[in-house]
Amino acid sequence: MAMEGMREIVEGSTRLLVPEASLVSDVPPKQPAFYNPAARVSRDVSIVAYNAFIQQVDERSFADALAGLGARALRVAVEVKGIDEVYINDINPLAVDIARRASILNGVERICKFSIDTAYRFLAEHSRRGFRFGMVDVDPFGTPAPYVDCALRAVVDGGLISMTATDTPILYGIYPRIAMRRYYGRSMRCEYANEIGLRLLLGMMSMVASRLEMGVEPLFVQSTRHYMRVYAKISIGSSNADEMPSMLGYVYHCNSCSNRFTADIDEYKEACNICNSKKMVRAGPLWISRLMDESFVALMNSIIDDGAYALNLDRQAVNIVRIAKEESMLVDEALYYTVDEVTSMLKIRPPSTTSILDTLRSNGFKASRTALSLRGFRTDANIRDICSLVRALVDK
């Protein structure tokens, strides 16, 4: 089973065949097949999400349209309880051959189906009723925007799409015009740019879905290092599509006081509602509704509590899901702040995130950590209240 230049590793509970060079290079090579060790955390989180979602869908099939050597798809075949079929597609025949060999190593070759094709054609061939998947993953180099139409058509009613974006300079506000072209909304350079990026990605998905008479419901989002990832339930029907415009709007950021807020799609704000400054910048249109479903995140956490999963997950992946549970219970959809941002404004030494959360809660505000930033927090307090309480905390 050994192949020249390849090494067998174990990720989660799955045996993978990967290029040796990918394990030692700062930038994993695309040839002979692409494998990114740093994406282990993303794959760990996805295994938890798929185990949670498979309990809610009748069609228990999974498709990876851009599978590479099949790391994520093979882990689904091995580690997702109750999966019936796993489709592994890539345009690189060598990558598909490696995935096929690894499926035999793991004893899951019976439920794995392999194809060598473009993602577009692969998804289009599964767009008819009776041929669609319960779960579809799209994890490209760069933007997933070109694949959204095909991916939506290839999912059953009530199915799941997981989608990754790695064109972070565009989504983080460095190239807002390109963001408008790819995601139908302007991005913004700010401390919480990754949240803006996630909302742009979801906004674009919802716009495409509504055109196809579908609706999108975010279940979970993740932002780690250079990538952003969303998990969304897809519902077919005009009534679901009709709800999408009400989920869209704009994010406003005040350059004078760092206040931030969302506004509906038909609203336009000229001045800050805290300091009345007109030094406002705007991102969007983008998704302004909830980013995560509380019950789904709770189910993800209960799966992690099962020792069979916890023993094989990267600690960072576990922490992301744990923090997300706390975050998803925050009722108000507030854009997050960071400790460093607030204390830099105040020119004071930064206290711990925990102490800031305790202070906010003891003063009657809702507050939680955010899985999107190690030093970030969400709260329904406005920037003026936050600054006042943090200054008092440090002055004690």
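Everything quoted here is computed from the prediction, not taken from an experiment.

Definitions and cut-offs
Residues numbered from 1 in each chain as written. Predicted model: local features only at pLDDT ≥ 70, side-chain atom pairs only at ≥ 80, totals over all residues. Heavy atoms only, no water. Buried < 20%, exposed > 50% of the residue type's maximum accessible area, 1.4 Å probe, protein only. Helix = DSSP H or I, 4+ residues; strand = E, 2+ residues; numbered from the N terminus. Pairing = 2+ DSSP bridges. Right-handed = clockwise from strand over helix to strand, strands pointing away. Polar contact = N/O pair within 3.5 Å; in protein donor to acceptor, adjacent residues only side chain to side chain. Contact = heavy atoms within 4.5 Å. Phe/Tyr/Trp six-rings, centres within 6.5 Å; stacked < 30°, edge-to-face > 60°. Salt bridge = Lys/Arg side-chain N within 4 Å of Asp/Glu carboxyl O. Disulfide = S-S within 2.5 Å. Axes fitted to C-alpha atoms, helices over the stretch in contact; angles between N-to-C directions.

> I'm lost on the pairing of strand S4 (residues 85-90) in this one. Help?
One face of the sheet, then the other: side chains in a regular strand alternate in exactly this way. Taking burial as the measure, the six residues of S4 include five buried ones, the bulk of the element. Pairing geometry for strand S3 (residues 61-64) and S4, over four bridges, is parallel. Looking at the pairing, Ala-63 lines up with Tyr-87 of S4. Once the chain exits S3 it traverses helix H2 (residues 71-79) before rejoining the sheet at S4, and the crossover so formed is right-handed. This β-α-β element, S4 to helix H3 (residues 93-105) to strand S5 (residues 112-116), shows right-handed connectivity.

> Explanation requested: the side chain of Ser-22 in the structure shown.
Here Ser-22 lies in the loop between strand S2 (14-19) and helix H1 (40-53). For Ser-22, the side chain forms a polar contact with the main-chain oxygen of Pro-19, separated by 2.6 Å. Apart from residues no more than four positions distant in its own chain, Ser-22 is found in contact with Pro-28, Pro-29, Tyr-35 and Pro-37.

> Looking at this structure, how should I read the sheet that holds strand S13 (residues 337-338)?
Picture the strands of a sheet paired through backbone hydrogen bonds; they go either parallel or antiparallel. Spatial ordering of the open sheet is given by S13-S15-S14, a layout of three strands whose pairing is antiparallel. Of all the strands in the sheet, just S13 and strand S14 (367-370) have a single pairing partner and so form its edges.

> Any chance you could explain the packing of aromatic side chains here in plain terms?
Both the distance between ring centres and the angle between the ring planes are used here to describe each pair of aromatic rings. Per the counting criterion, the structure on display carries ten aromatic pairs. When the centroid spacing of 5.4 Å and the interplanar angle of 10 degrees are considered together, the rings of Tyr-252 and Phe-261 count as stacked. Looking at Phe-261, the relative accessible area reads 13%, which means it is buried. Site record: aromatic cluster; members linked through ring pairs are Tyr-50, Phe-62, Phe-220 and Tyr-231.

> Please explain the pairing of strand S15 (residues 373-379) as it appears in this structure.
Counting buried residues in S15 gives five out of seven residues, a clear majority hidden from the surface. Bridge analysis of S14 against S15 gives four bridges, and the strand direction is antiparallel. Within S15, the position partnered with Ala-367 by the bridge is Thr-379.

> Whenever I open this one, the pattern of salt bridges confuses me. Can you help?
Side chains carrying opposite charge are able to pair once their charged atoms draw close together. A full pass over the atoms with the stated rule returns 25 salt bridges. For Asp-139, the salt bridge identified is with Arg-72, shortest N-O distance 2.9 Å. Remark: Arg-72 occurs in helix H2 and Asp-139 occurs in the loop between strand S6 (133-138) and helix H5 (148-153); sequence separation between them is 67 residues. Here Arg-72 falls in the buried class, since its relative accessible area comes to 5%. Across the salt bridge formed by Asp-358 and Arg-361, the nearest N and O atoms sit 4.0 Å from each other. Remark: Arg-361 and Asp-358 occur in helix H14 (residues 353-362); sequence separation between them is three residues, near one turn of the helix. With a relative accessible area of 37%, Arg-361 lands in the partly exposed category. When salt bridges with common partners are traced through the structure, they connect Glu-11, Arg-40, Arg-43, Asp-44, Arg-75 and Glu-79 into a single cluster.

> I'm lost on the state of the cysteines in this one. Help?
Throughout this description, disulfide means a covalent bond between two cysteine sulfur atoms. Counting across every chain of the model gives zero disulfides. The thiol of Cys-190 is unpaired, and the distance to the nearest cysteine sulfur, on Cys-254, comes to 13 Å. Residue classification places Cys-190 among the partly exposed residues on the basis of a relative accessible area of 21%.

> Can you help me understand the environment of Gly-376 in this one?
Structurally, Gly-376 is set in strand S15. A residue is classified by how much of its surface remains accessible, and Gly-376, at 0% relative accessible area, is buried. Sequence-distant contacts of Gly-376, defined by excluding residues within four places in its chain, comprise Tyr-336, Tyr-337, Thr-338, Thr-353, Arg-369 and Thr-370.

> Looking at this structure, how should I read the sheet that holds strand S12 (residues 280-287)?
The three strands are arranged S11-S10-S12 in an open sheet whose pairing can be described as antiparallel. Looking at which strands have only one partner, the edges of the open sheet turn out to be strand S11 (260-264) and S12. Within the sheet, the average angular offset between the axes of one strand and its neighbour, ignoring direction, is 25 degrees. Here strand S10 (residues 248-254) pairs with S12 via six bridges, running antiparallel. Across the sheet, His-253 pairs through a bridge with Val-281, a residue of S12. Contacts from helix H8 (residues 193-211) reach S10 and S12 within the one sheet, and its direction differs from that of S12 by about 45 degrees.

> Before we go on, may I ask you to explain unusual backbone geometry in this structure?
The phi torsion of most residues other than glycine is negative, and most of the peptide bonds are trans. The step from Gly-284 to Pro-285 runs through a cis peptide bond, and the omega angle for that step is 5 degrees. Along the chain, the position of Pro-285 falls in strand S12. Even without being a glycine, Glu-213 presents a positive backbone phi close to 65 degrees. Unusually for a residue other than glycine, Ser-258 sits at a positive phi of about 70 degrees. If you trace the backbone, Ser-258 turns up in the loop between S10 and S11. By relative accessible area, Ser-258 is classed as buried at 14%.

> Help me out: how do you make sense of the environment of Val-138 in this one?
Inspection of the secondary structure assignment puts Val-138 in strand S6. Distance from Val-138 to Ile-161, taken between C-alpha atoms, is 7.7 Å for residues 23 residues apart in sequence. Filtering out sequence-adjacent residues up to four positions away, Val-138 remains in contact with Leu-66, Pro-144, Tyr-147, Ala-151, Ser-162, Met-163 and Thr-164.

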